[in-house]
Amino acid sequence: MNELKSILADYKSLEDLKKMDIEELNLFAKEIRQLIIETVSNNGGHLSSNLGVVELTLALHKIFNTERDKIIWDVGHQSYTHKILTGRKDDFHTLRKYKGISGFPKRKESIHDAFDTGHSSTSISAGLGYALSRDIKKEDYSVVSVIGDGAMTAGMAFEALNHAGDIKSDLIVVLNDNEMSISENVGGLSRYLEGLRTTPTYFKVKEDVEYILNSIPAIGKRVLKTAGRAKDSVKYFLVPGMFFEDIGFKYFGPIDGHNISEIMNVLKMAKKVGGPVLVHVVTKKGKGYKPAEKHPDIFHGASSFDIETGESLKKNSKETYSDVLGNTLVELAEKDENIVAITAAMPSGTGLDSFRENFKDRFFDVGIAEQHGVTFAAGLAANGMKPFFAVYSTFLQRGYDQIIHDVCIQKLPVTFIIDRAGLVGDDGETHHGVFDLSYLSHMPNLIIMAPKDKSEFIEMIKFSSKLELPSAIRFPRGACINFIEEKCLPIEVGKSEVINHGEKIALISLGKMVEVSYKAIMELKEIGKNITLINGRFVKPLDEKLILDVAKSHQVIITLEDNAKIGGFGSLINNLLIKNNFKGKVINISIPDEFVEHGSVEKLYEELGMDKESIKNIILENLVDL
């Protein structure tokens, strides 16, 4: 262990890596794994995906020089080893912490990070862009796009492969096949890759055929060319389809993704042959840490945990919004056989596991394909079904056009269950769900709701199942509780709820922010300051009558939402008040027009002035002038 520790302790830069032999690299890989496990056990993060690519990352950095060459990590949640190797070892303990290093590649963080990532299936497109701009500018460097088998199920990846295979520019695509994305992979590509893994003889036989044909005296390349059909016959016999070669890629693999020497040899070959190349690397997700190997889904995005047992240190006995969603949909589906549930490769994350167990024929995992998921839901709805599409806010952005074109125009009763709305914390800019109200609120025929608590959430789900129009319910990550004892008022389209009747200042809050507002005004009430609090409930349609009635009796109206300021809930209220000549003061508290970095949710809301104390201070400051 002392020898092992000395390698990482003495490591300074990629120059040190270049000097290591295979034995040292294997020892280095073990210590890097240990550092990743220790750091993620404290900070949380993406563990299993990072443990699976340690050897692959070492091999990539041995063969390529990322001060010049470009390595683009798809999604980016497997870039921890890359960060350790490229000057961030000493800061690695700050991973995903406020003002610390990001859990994803960031160009502003290092010259070794060629492209910012966070969402799936972008690396081949970005890599091809780099490659073609390199060619136009007559530059000389390699471009490597690293993509997982789960990410390859997305349409964008296929579009990029199709383009790259046609252009013939030098581009290396490394397919990191760990046989499992966040949840079990779905679809034909998954079965195809499984076939490749179980037929590893193709690569070796292909090499042997070419070697033998090239070795025949006086015949050479002419025979090799005319023997192409025979070689193709071998190819199709051994690996039916050979999809990648058929669309213009040279295919190498499958190879052992934990054999550094083998990976390096194949990467050297990939550099030499030119044109688009796909290197198929088979890895084990969670490798080197038994709990993560056994439960790679649980350790995909892990909270802090005990290394010895693998058990989370953040025990949360409270139901989450995702839990409540799953339970409520099961209850509804038992009574209505037309209810179906859809996820985009996130059955566990969105709480649909229980639905899948109870209604296998009415549960659909479309893979990482949100655009398809939206239009698929529209097709189901067009034929009389009641689809609920559960998806994270940040990922639904990818289905924008389909929501408009395929759902809203046709007034189809699809319900979008928008999870992880608002700030989500340590994953940062690419994962905060702060744009959904802005990109949904201008769509005709769409009803948009946001619950303040558990009871209201359940009632909104039941309410949406009876609608004959498209609807969306957006809610935050985390505990789903009732913070007010009063019984939930019935849900009516476009009707808000008055929680507290006060004077002078009215606070109109939405969703998660209602609880923050409630706590703030209750504390103000203790010092004799009585503020009106309204639970918005509906973003669209707005409760115009109630808002205008409040405007007549209050001098200041404050809106509070966990969405971007531009185009959000506050903007809609502003438009209504301006149209009706409100003469008082309006204050919109929301996410500013900037990308919010990573950090704990509590810290981020505090920094943005959206926590309880900040709301109290804003109210007190405005009361002084009244």
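Quick notes on the rules
Every chain begins its residue count from 1, and numbering advances along the sequence as written. Restriction of local features to residues with pLDDT of at least 70 applies here, the model being predicted, together with a cutoff of 80 or more for giving and counting side-chain atom pairs; totals for whole chains, interfaces and linings are based on all residues. Calculated side-chain values reflect all of the structure's heavy atoms, with hydrogen atoms and water omitted. Secondary structure counts use DSSP, requiring at least four H or I residues in a row for a helix and at least two E residues in a row for a strand, with both numbered from the N terminus. Exposed residues in this analysis have more than 50% of their type's maximum accessible area, buried residues have under 20%, and partly exposed residues fall in between, with area computed by a 1.4 Å probe over protein chains only. Here, two residues are considered to be in contact whenever any of their heavy atoms come within 4.5 Å of each other. Shrake-Rupley sampling with a 1.4 Å probe provides the accessible areas, and residues are treated as covered by the protein chains on show and by no other component. Neither His nor the chain ends is counted toward charge; the positive residues are Lys and Arg and the negative residues Asp and Glu. Criterion for a salt bridge: a side-chain nitrogen of Lys or Arg within 4 Å of a carboxyl oxygen of Asp or Glu. Counted as a polar contact is a pair of N or O atoms within 3.5 Å, where, for protein atoms, one must be capable of donating a hydrogen and the other of accepting one, and residues adjacent in sequence contribute only when both atoms are in side chains. Two rings from Phe, Tyr or Trp (for Trp, the six-membered ring) form a pair when their centres are within 6.5 Å of each other. A pair whose planes differ by under 30 degrees is stacked, one over 60 is edge-to-face, and the rest are tilted. Each ring is checked for a lysine NZ or an arginine CZ that lies within 6 Å of its centre and within 35 degrees of its normal; such an atom marks a charge sitting over the ring. We define a nonpolar core as any set of buried Ala, Val, Leu, Ile, Met, Phe, Trp, Tyr and Cys residues linked to one another through side-chain atoms lying within 4.5 Å. UniProt positions are given in the numbering used here, feature names are shortened, and annotations may be inferred rather than shown by experiment. By definition, two strands form a pair when at least two bridges between them are found by DSSP. Looking down the strands as they point away from the viewer, one classifies a crossover as right-handed if the path from the first strand across the helix to the second runs clockwise. In this analysis, axes come from line fits to C-alpha atoms, helices being fitted only over the stretch in contact, and the angle between any two N-to-C directions falls in the range 0 to 180 degrees.

A. Fine view of the overall build of the protein. For the protein, the helix and strand inventory stands at 27 helices and 17 strands. Across the 626 residues that make up the protein, the buried fraction comes to 58%. At a minimum sequence separation of 6, the contacts of the protein that also span at least 24 residues come to 76%. Accessible surface for the protein amounts to roughly 26900 Å². Of this, 51% is attributable to carbon and sulfur atoms.

B. Fine view of the side chain of Asp-74. Residue position: Asp-74 is located in the loop between strand E1 (70–73) and helix H6 (80–88). Buried within the structure, Asp-74 lacks any salt-bridge partner; Arg-398 is the closest side chain of opposite charge, at an N-O distance of 7.0 Å. Engagement of the side chain of Asp-74 in a polar contact is seen with the backbone nitrogen of Ser-123, the distance being 2.8 Å. Not counting the four nearest positions on each side in its chain, Asp-74 is found in contact with His-119, Ser-120, Ser-121, Thr-122, Ser-123, Val-146, Ile-147 and Ala-151.

C. Structural context of the packing of aromatic side chains. Applying the stated criterion to the full structure yields 19 aromatic pairs. Relative to Phe-244, the ring of Phe-243 has its centre 5.4 Å away and its plane inclined at 70 degrees; by these criteria the two rings are edge-to-face. These aromatic residues form a ring-pair network of at least three members: Phe-158, Phe-243, Phe-244 and Tyr-251. Taking the ring centre of Tyr-141 as reference, the NZ or CZ of Lys-70 above it sits at 5.2 Å.

D. How the structure looks around the nonpolar core. Phe-28, Leu-47, Leu-60 and Val-174 are the most contacted members of the largest nonpolar core, which has 52 residues in total. Element by element, the count of residues in this core is highest for helix H3 (residues 22–43), at 8 residues. Core analysis: the second largest hydrophobic core is formed by 46 residues, Ile-403, Val-407, Tyr-439 and Leu-542 among them.

E. How the structure looks around the environment of Glu-319. With respect to the helices and strands, the residue Glu-319 is situated in the loop between helix H15 (290–294) and helix H16 (321–335). With 162 residues separating them in the primary sequence, Glu-319 and Ile-481 have C-alpha atoms 7.4 Å apart. For Glu-319, the contacting residues outside a window of four places in its chain are Val-324, Asn-327, Lys-454, Gly-478, Ala-479 and Cys-480. A polar contact is formed between the side chain of Glu-319 and the side chain of Lys-454, at a distance of 2.6 Å.

F. The UniProt feature "binding site: Mg(2+)" (unreviewed entry) in the protein, seen in detail. Taking the numbering used here, the UniProt-annotated feature "binding site: Mg(2+)" (unreviewed entry) corresponds to Asp-149 and Asn-178. Of the residues just listed, which span 30 residues, no C-alpha pair is farther apart than 7.0 Å, and they cluster in one region. You can see Asp-149 is positioned in the loop between strand E2 (143–148) and helix H8 (155–167). Mapped onto the elements of the fold, Asn-178 is located in the loop between strand E3 (171–177) and helix H9 (188–197). Once residues lying within four places of it in the same chain are set aside, the contact partners of Asn-178 are Asp-149, Thr-283 and Lys-285.

G. Focus on the UniProt feature "binding site: thiamine diphosphate" (unreviewed entry) in the protein. In the numbering used here, UniProt assigns the feature "binding site: thiamine diphosphate" (unreviewed entry) to His-77, Gly-118, His-119, Ser-120, Gly-150, Ala-151, Asn-178, Tyr-289 and Glu-370. Assignment of secondary structure puts Ala-151 in the loop between E2 and H8. Among the residues examined, Ala-151 registers a relative accessible area of 7% and is labelled buried. Ignoring any residue separated from it by four or fewer positions in sequence, one finds Ala-151 in contact with Asp-74, Ser-120, Ser-121, Ala-157 and Ile-368. Here Asn-178 falls in the buried class, since its relative accessible area comes to 12%.

H. Seen up close, the side chain of Thr-81. Turning to its location among the elements, Thr-81 is positioned in helix H6. Taking relative accessible area as the criterion, Thr-81 reaches 0% and is therefore assigned buried. Residue contacts for Thr-81: discarding those within four places in its chain leaves Ile-32, Ile-36, Asn-50, Val-54 and Thr-57.

I. Structural view of the pairing of strand E13 (residues 504–509). When you tally the buried positions in E13, you get 5 out of 6 residues, the bulk of the element. Two strands pair when backbone bridges link them, and E13 and strand E16 (residues 554–564) are joined in this way by 6 bridges, in the parallel orientation. Across the sheet, the residue bridging to Lys-504 is His-554, located in E16. Here E13 pairs with strand E14 (residues 532–535) via 4 bridges, running parallel. Each bridged residue has a counterpart across the sheet, and for Ile-508 the counterpart in E14 is Ile-534. Each parallel crossover has a hand, and for E13 linked through helix H23 (residues 512–525) to E14 it is right-handed.

J. Broad picture of the sheet that holds strand E12 (residues 497–500). Strand order in the open sheet made by the 5 strands is E12-E14-E13-E16-E17, with mixed pairing throughout. In this open sheet, the two strands that pair with only one neighbour each are E12 and strand E17 (585–591). Taking each pair of neighbouring strands and ignoring which way they run, the sheet shows an average axis angle of 20 degrees. For E16 and E17, the ladder comprises 6 bridges, and the chain directions are parallel.

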